[in-house]
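Structural overview
Here's the letter readout for the chains.
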Amino acid sequence: GFLRGVLADPDFLAGRATTSFIDERPELLRPHESADRATKLLQFLAERTINKPHGLPRTPVVARTKLPTVDLAAEPPAGSRQRLLELGPAGFARALREQKAVAVTDTTFRDAHQSLLATRVRTRDLSNVAPTVARTLPQLFSVEAWGGATYDVALRFLKEDPWARLATLHELMPNLPIQMLLRGRNTVGYTPYPLAVTDAFVTEAARTGVDVFRIFDALNNVEQIRPAIEAVLKTDHGVAEAALCYTGNMTSPGEKLYTLDYYLRLAEQLVEAGAHILAIKDMAGLLRAPAAAKLVTALRENFDLPVHLHTHDTAGGQLGTLLAAIDAGVDAVDVANAAWAGTTSQVSMSALIAATDDTERATGLSLQAASDLEPYFEAVRVLYGEFESGLPGPTGRVYHHEIPGGQLSNLRQQAMALGLGDRFEAIEDMYAAANTMLGNIVKVTPSSKVVGDLALALVGQNIDPVAFEADPQKYDIPDSVIGFLNGDLGDPPGGWPEPFRTKALAGRRVRPVETDLPDADAAALASDPRRTLNRLLFPGPTKDFEEATERYSDLSVLTTRQFLHGLEPGIEHEVPIERGKTLLMSLQAIGEADERGLRPVMATVNGQVRQVLVRDLG
Ligand code: 3PY
Ligand code: ZN
């Protein structure tokens, strides 16, 4: 039958990289170009097996078996993407402002796992569920599925092309607008890029499948957002949603900087820059219910644009904030599937649907449909358990340290890696102190990274922040902090902290941020935009990604369990490499490491024994 057919395949029988071949050439740790796909994949799995970065998952549940039964042969019903294409971006935004139902963005595919699982969810685990989402939640306003950290993490850790993810999800959810998070001039990176890069990025993203661009600047500097808005306006279907990043405590009498007036002045500039929608981006979950009511009311009174609210449920109370905003007339809100909701992520979609059903602002989404997706997302979350933030529940400390949701989970991991895991509260306190020292800034990627880097440096070297502020030159100052003080990210809302800034920069050679793109790069952008953007935005990770693809072939064929854990003893691993062609791989034996640390790994591939060598990093 089938197995016999595979075994008879000449590709497998040829077995180019035989035991003796590799034995004679142990330097060939890197299978060269002619190595076949089976050997390349075996090499990857064997490396994972030996240098397993993670323990085995707690349960062997196959997530796909948890998907609700839906007729996937039937076309997805028309959704808001059809409305967008019909009305155009401006008409689409007007319709949003006019509708009674509160519109809902599902962040499960981006921010939820960025904030809970270090952005590690692979395209495969998203594309398995996307066709179901398209058919059971067609009333969604948008699905946030791209941008933010997903781009970097795809190249750096998942060995995936971020553009392929976008294209796939767009194809699988043709009725739902795909939303991305764009960091203004910083695009999906950590520093400003030349304008030509922003332009090419937006154009290519719109062409590949992004419909709604949520654009922010980490210091709420509108000049850093404007070029991206203008690039979106040049596309035919792109919706420019401009965000005001919320920080501080607006309704507190003690708040002198981030006041209602501050946000209204900011919104005015965003409207004037051409935005279709205004977003309130509460990245740390600091927006309390009364402040939400006040801010939403004022924005809708002062401007004609619809208002879209994004928050993180870090302290646990943000369903209250969403409901207060909904009462105040907010047009759209962000939630995540309940299984990936709560704490540093968004509020639960099921909870929001339940709380608004049978009111005049009911979402139109089915509570049953939303909750039917939960078992799938639960099972996937378990697979990625190693990347959980370690934040076991909500925390009110966020009102003190103001760390954004995505960063709070990441910082805990970073602290553990630096051996500071048991001093996390000290890091939180130092983060607050660093923020004060830097001028009480808006903290969101990349400005949040500056504050985090400074906090880790101070805790790691046991430096008293008062002493550091008085004489920063006496200590190592992280590069990102110098860059920030140099103005690389723009001017902070509250002005520069002096004399600290002058002291820290004294005698340092600071180069201006590059604003022009070399001609060769401009030409490359025109001829091969995706690959060139990868390279311009993330040179190192792109090189690693391209080498990994060469070395291991396309890893998207591996299940996530295989991808994370390699070959497991006693299991026959199925790897479908193309239609009608499945590899069956079983671990046979792991040999002793030689003097160079190379271990032979023996496995059967469709019944034939193969051996690869793996450097033991442990
Ligand atoms: C990002 O920039 O990735 C964020 O999620 C900011 O909140
Ligand atoms: Zn967010």
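Residues numbered from 1 in each chain as written. Chains lettered and ligands numbered in written order. Predicted model: local features only at pLDDT ≥ 70, side-chain atom pairs only at ≥ 80, totals over all residues. Heavy atoms only, no water.

1. Topic: the overall build of the protein chain
- When you go through the protein chain residue by residue, the secondary structure sums to 29 helices and 12 strands.
- What you see for the protein chain is a C-alpha radius of gyration of 25 Å, in line with the 25 Å of a compact globule of 618 residues.
- Seen along its three principal axes, the alpha-carbon backbone of the protein chain occupies a region of about 75 × 65 × 50 Å.
- Taken over 618 residues, the protein chain has a buried fraction of 59%.
- Of all intrachain contacts in the protein chain linking residues separated by at least 6 positions in sequence, the fraction that spans at least 24 positions is 75%.
- As displayed, the protein chain offers around 24,100 Å² of accessible surface, 51% of which is attributable to carbon and sulfur atoms.
- The protein chain carries 61 positive and 79 negative side-chain charges, and their two centres are separated by 2 Å. (Helix = DSSP H or I, 4+ residues; strand = E, 2+ residues; numbered from the N terminus. Rg over C-alpha atoms; globule rule 2.2 N^0.38 Å. Buried < 20%, exposed > 50% of the residue type's maximum accessible area, 1.4 Å probe, protein only. Contact = heavy atoms within 4.5 Å. Areas by Shrake-Rupley, 256 points an atom, 1.4 Å probe, with all protein chains shown as cover. Lys, Arg positive; Asp, Glu negative; His and termini not counted. Charge placed at Lys NZ, Arg CZ, Asp CG, Glu CD.)

2. With respect to the layout of surface pockets
- The space that makes up the largest pocket amounts to roughly 820 Å³.
- In terms of lining, the largest pocket is formed by 36 residues, of which the most central are A149, Y190, G406, Q407 and N410.
- In this model, the second largest pocket occupies a volume close to 550 Å³.
- Counting residues per element, the ones that place at least two in the lining of the second largest pocket are α22 (447-460) and α24 (479-485).
- Broken down by element, the lining of the second largest pocket gets its largest block of residues, five residues, from α24. (1 Å grid on protein atoms, 1.4 Å probe; cavity = no way out; pocket = protein on both sides within 12 Å on 5 of 7 lines; lining within 4 Å. Points joined across faces, edges and corners; volume = space filled by probe spheres on them.)

3. Structural notes on the site of ligand 1
- Around ligand 1, the surrounding shell consists of R110, Q114, G148, A149, L181, R183, F216, K281, M283, V444 and T445.
- In the environment of ligand 1, an oxygen atom lies 2.8 Å from a nitrogen or oxygen atom belonging to the side chain of Q114.
- Here R183 contributes a side-chain N or O atom positioned 2.8 Å from an oxygen atom of ligand 1.
- Because more than half of its atoms lie within 2 Å of the grid, ligand 1 is assigned to the largest pocket.
- Looking at the shell around ligand 1 residue by residue, the class counts come to five nonpolar, three polar and three charged. (Near = heavy atom within 4 Å. Polar contact = N/O pair within 3.5 Å; in protein donor to acceptor, adjacent residues only side chain to side chain. Sits in = over half its atoms within 2 Å of the grid points. Nonpolar A, V, L, I, M, F, W, Y, C, P; charged D, E, K, R; others polar.)

4. Looking at the confidence of the model for the protein chain
- Counting all residues, the mean pLDDT for the protein chain is 92, and 93% of those residues have values of 70 or more.
- Note that residues 1-33 has pLDDT below 50 and, in this model, 50 contacts with residues that lie over four places away or in other chains.
- If you check the scores for this complex, the pTM reads 0.92 and the ipTM reads 0.96. (pLDDT = per-residue confidence, 0-100.)

5. Some words on empty space enclosed by the protein
- This structure, assessed with the given rule, holds one cavity of 30 Å³ or more.
- Residue lining of the largest cavity: R122, L158, K159, E160, L555, S556 and F563, and that is the complete set.

6. Overview of the nonpolar core
- F109, Y151, M173, F201, F213, I280 and L299 are the most contacted members of the largest nonpolar core, which has 144 residues in total.
- Tallying contributions element by element places helix α4 (residues 37-50) first for this core, with seven residues.
- Filtering out sequence-adjacent residues up to four positions away, I280 remains in contact with L244, Y246, L287, L295, V296, L299, V307, H308, L309 and H310.
- Among the nonpolar cores identified, the runner-up in size contains 34 residues, and L420, A455, F500 and L505 belong to it. (Core = buried A, V, L, I, M, F, W, Y, C linked by side-chain atoms within 4.5 Å.)

7. Looking at the sheet that holds strand β12 (residues 608-615)
- Spatially, β9-β10-β11-β12 is the arrangement adopted by the four strands of the open sheet, whose pairing is antiparallel. The sheet terminates laterally at β9 (572-578) and β12, the two strands that pair on one side only. In this sheet, neighbouring strand axes are inclined to one another by 35 degrees on average, regardless of whether the strands run parallel or antiparallel.
- Of the strand pairs in this sheet, β9 and strand β10 (residues 581-590) are connected by six bridges, and their pairing is antiparallel. Bridge assignment links E574 to a residue of β10, and that residue is L584. (Pairing = 2+ DSSP bridges. Axes fitted to C-alpha atoms, helices over the stretch in contact; angles between N-to-C directions.)

8. Overview of the pattern of salt bridges
- A full pass over the atoms with the stated rule returns 27 salt bridges.
- Residues D36 and R610 are paired through a salt bridge, measuring 3.3 Å at the closest nitrogen-oxygen approach. Here D36 is found in the loop between α3 (19-24) and α4, whereas its partner R610 is found in strand β12, with 574 residues between them in sequence.
- One salt bridge connects D594 with R596, and the closest N-O pair in it is separated by 2.6 Å.
- Given a relative accessible area of 41%, R596 falls into the partly exposed group.
- One continuous salt-bridge network, built from bridges that share partners, spans R110, D111 and E144. (Salt bridge = Lys/Arg side-chain N within 4 Å of Asp/Glu carboxyl O.)

9. Quick look at the sheet that holds strand β4 (residues 210-215)
- Around the barrel, eight strands lie side by side as β1-β2-β3-β4-β5-β6-β7-β8; this closed barrel has parallel pairing. Put simply, the sheet's adjacent strands are angled 30 degrees from each other on average, direction ignored.
- Of the pairings in the sheet, the one linking strand β1 (residues 103-106) to strand β2 (residues 142-147) comprises two bridges and is parallel in character. Within β2, the position partnered with D106 by the bridge is V143.
- Against the sheet, helix α15 (residues 318-327) makes contact with β6 (277-282), β7 (307-311) and β8 (332-335), and its axis sits at roughly 170 degrees relative to β7, the strand it touches most.

10. Digging into the pairing of β8
- Burial along β8 is two-sided: A332 and D334 facing one way and V333 and V335 facing the other are all buried.
- Note that β1 and β8 share four bridges and pair parallel. Pairing of V104 across the sheet is with V333, part of β8.
- Pairing geometry for β7 and β8, over two bridges, is parallel. When the sheet's bridge partners are listed, L309 is paired in β8 with V333.

11. As for helix α21 (residues 424-437)
- Taking 1.5 Å per residue as the helical rise, α21 with its 14 residues ought to reach 20 Å, and the 20 Å between its terminal C-alpha atoms agrees with that figure.
- Within α21 the residues assigned to the buried category are F424, I427, E428, M430, Y431, A432, A434, N435 and M437.
- Lining the buried residues of α21 we find α19 (398-401), α20 (405-417), α22, α23 (465-470) and α25 (500-505).
- Where α21 ends, the next residue or the one after it, G439, has phi of about 110 degrees, a positive value. (Expected span 1.5 Å × (residues − 1).)

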